[in-house]
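Observations on the three-dimensional arrangement
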Amino acid sequence: MSPVQLPESDLSRAHDEAATCLGVDELGPDLHLLTLEAPAASRAALPGEFAQLQVAAGPLLRRPFSFCAVDPGQGTVSFYLRVYGEGTRRLAHLTPGSCLRLLGPLGRGFTLPETPGTSLLVAGGVGAAPFPHLAAQLLARGERVHWLNGAAGSAQLLPLRLMPGGLAGSVQVTFDGCSGRRGLVTDALPELLGAVDRVYACGPNPMLQAVAEMVSRLRPEALVEVSIEAPMGCGFGTCLGCSIPLLAQGVRVPGLCCRQGPVLEAGQVDWEGLRQQPAHLE
Ligand SMILES: Cc1cc2nc3c(=O)[nH]c(=O)nc-3n(C[C@H](O)[C@H](O)[C@H](O)COP(=O)(O)OP(=O)(O)OC[C@H]3O[C@@H](n4cnc5c(N)ncnc54)[C@H](O)[C@@H]3O)c2cc1C
Ligand code: FES
């Protein structure tokens, strides 16, 4: 009997291209928007897919980042970066004209609907990164798009101006209550699920699990897709560093976040197994 398998990313779509930095906008403490000229990636990148960005000449591994915005007309791509360690610090200090290698698009992204309906996009912290691109693609298909953005404080929220115009609704939630409502995204979620056909979520893995469980209880007919986070070395399936526990037709199978993910249907994730993996990012 052949083993149960989940679909994998199509590596033939990825290019290793020389990208040029057009600028880095400071959006808040340790939050930046890096814009690169990268024509091949700008034409190919779908929402939820990511790129491996070179962070330095020399032996440092490339780092994975979700495509935040793409403009194929201008040949540009943007990344929403939180400075975490050495690699992200270097990217945040790039100057216009600097060159770096970009490998992408990689991974499997969000499923775009064939017929329009209503989507709810749920972000926690820097997990907001893929949503400007996703919202733009959904709106272009006539989808009604609601936006739920949560973060520790107002300085950690993705600025609303980075989202495309035409959202059906936008709710901000902060843990300290300084912007929008006080609390967690799951506090605001129930009232937004009314007529939702699809929920797309990105943020810390425990938040994704809580969102998935709440939607399956309150709106079981909705599709739920989550963008899972795992430490990545190569981004294309050779280092095995991004191993995550998955479920295929209810059977536990080992998976790779960079090939079967990062976006998965919530029911394809072995949440219990994932919870037992060591946390790698605060
Ligand atoms: C699919 C995917 C998309 C991502 N998109 C974004 C994004 O849009 N914006 C953003 O700010 N961050 C994003 N991240 C997290 C980002 O890749 C890490 O913050 C970054 O790699 C840390 O590198 P560093 O050099 O600053 O930190 P260091 O501590 O120096 O990194 C140490 C090492 O661990 C690896 N590592 C550590 N944490 C992570 C992590 N969470 N994911 C992957 N590798 C990690 C790095 O590759 C590196 O080899 C994403 C992660 C994944 C898996
Ligand atoms: S990051 Fe190397 S196998 Fe996934």
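So, here is what we can say about the structure in this document. (Residues numbered from 1 in each chain as written. Chains lettered and ligands numbered in written order. Predicted model: local features only at pLDDT ≥ 70, side-chain atom pairs only at ≥ 80, totals over all residues. Heavy atoms only, no water.)

1. Remarks on the overall build of the protein
Scanning the protein from terminus to terminus reveals six helices and 16 strands. Expected size for 282 residues packed as a compact globule is a radius of gyration near 19 Å; at 18 Å, the protein falls within 12% of this value. Along the first, second and third principal axes, the C-alpha atoms of the protein reach 55 × 50 × 35 Å. When burial is assessed residue by residue, the protein has 51% of its 282 residues classed as buried. (Helix = DSSP H or I, 4+ residues; strand = E, 2+ residues; numbered from the N terminus. Rg over C-alpha atoms; globule rule 2.2 N^0.38 Å. Buried < 20%, exposed > 50% of the residue type's maximum accessible area, 1.4 Å probe, protein only.)

2. Comments concerning the sheet that holds strand β9 (residues 144–151)
Overall, mixed pairing links the seven strands, which are arranged β11-β10-β9-β8-β12-β13-β16 in an open sheet. In the strand order of this sheet, the two ends are held by β11 (181–182) and β16 (263–265), each with one partner. Relative to strand β12 (residues 198–202), strand β8 (residues 118–124) runs parallel, the two sharing five bridges. Pairing of V122 across the sheet is with A201, part of β12. Packed on one face of the sheet, helix α3 (residues 131–140) meets β8, β9 and β12 and runs near 175° to β8. Where helix α4 (residues 185–192) meets the sheet, its contacts fall on β8, β9, β10 (169–174) and β11, and the angle it forms with β9 comes to roughly 160°. (Pairing = 2+ DSSP bridges. Contact = heavy atoms within 4.5 Å. Axes fitted to C-alpha atoms, helices over the stretch in contact; angles between N-to-C directions.)

3. Let's talk about the environment of A92
The residue A92 is located in helix α2 (residues 86–92) in this model. Distance from A92 to L33, taken between C-alpha atoms, is 8.2 Å for residues 59 residues apart in sequence. Look past the residues within four positions of A92 in its chain and what remains in contact with it is V24, H32, L81 and V83.

4. Focus: helix α5 (residues 205–218)
Between its terminal C-alpha atoms α5 stretches 20 Å, which fits the 20 Å expected from 14 residues at 1.5 Å a residue. On its buried face, α5 is in contact with β8, α4, β12, β13 (223–227) and α6 (271–275). (Expected span 1.5 Å × (residues − 1).)

5. Comments concerning the side chain of D270
With respect to the helices and strands, D270 occurs in the loop between β16 and α6. You can call D270 buried: its relative accessible area is 6%. Excluding residues within four positions of it along the chain, D270 makes contact with P245, L246, L247 and R252.

6. A few points about the packing of aromatic side chains
The full count for this structure, using the stated rule, is four aromatic pairs. Look at F110 and Y200: their rings are 5.4 Å apart centre to centre, the planes differ by 80°, and that puts the pair in the edge-to-face class. Of this pair, F110 sits in the loop between β7 (99–106) and β8 while Y200 sits in strand β12, and the two are 90 residues apart along the sequence. Across the pair, Y200 and F110 agree in class, each one buried. An aromatic cluster of at least three residues, connected via ring pairs, comprises F110, F131, W147 and Y200. (Phe/Tyr/Trp six-rings, centres within 6.5 Å; stacked < 30°, edge-to-face > 60°.)

7. Overview of the pairing of strand β3 (residues 50–53)
Of the two faces of β3, the one lined by F50 and Q52 and the one lined by A51 and L53 are each fully buried. Where β3 lies against strand β4 (residues 63–66), four bridges are found, and the strand directions are antiparallel. Bridging across to β4, Q52 finds its partner in P64. In the sheet, β3 pairs with β7 via three bridges, with the strands oriented antiparallel. From the neighbouring strand, L53 faces β7, where its bridge partner is L102.

8. Side note on the environment of L6
Position of L6 relative to the elements: it lies in the segment before β1 (15–28). Between the alpha carbons of L6 and C202 there is a distance of 20 Å; along the sequence they are 196 residues apart. Those residues in contact with L6 that lie beyond four places of it in its chain are L246, L247, A248, Q260 and Q268.

9. Here's the deal with α3
Three or more residues of α3 are buried, namely F131, P132, H133, L134, A135 and L138. Close packing links the buried residues of α3 with β5 (69–71), β8, β9 and β12. At the C-terminal side of α3, G142 shows a positive phi close to 85°.

10. Considering unusual backbone geometry
In this chain, G104 is followed by P105 through a cis amide linkage whose omega measures 0°. In this structure, P105 sits in strand β7. Geometrically, the link from G261 to P262 is a cis peptide bond, its omega value of 10° lying close to zero. Although it is not a glycine, D30 sits at a positive phi angle of roughly 65°. By the secondary structure assignment, D30 is in the loop between β1 and β2 (31–37).

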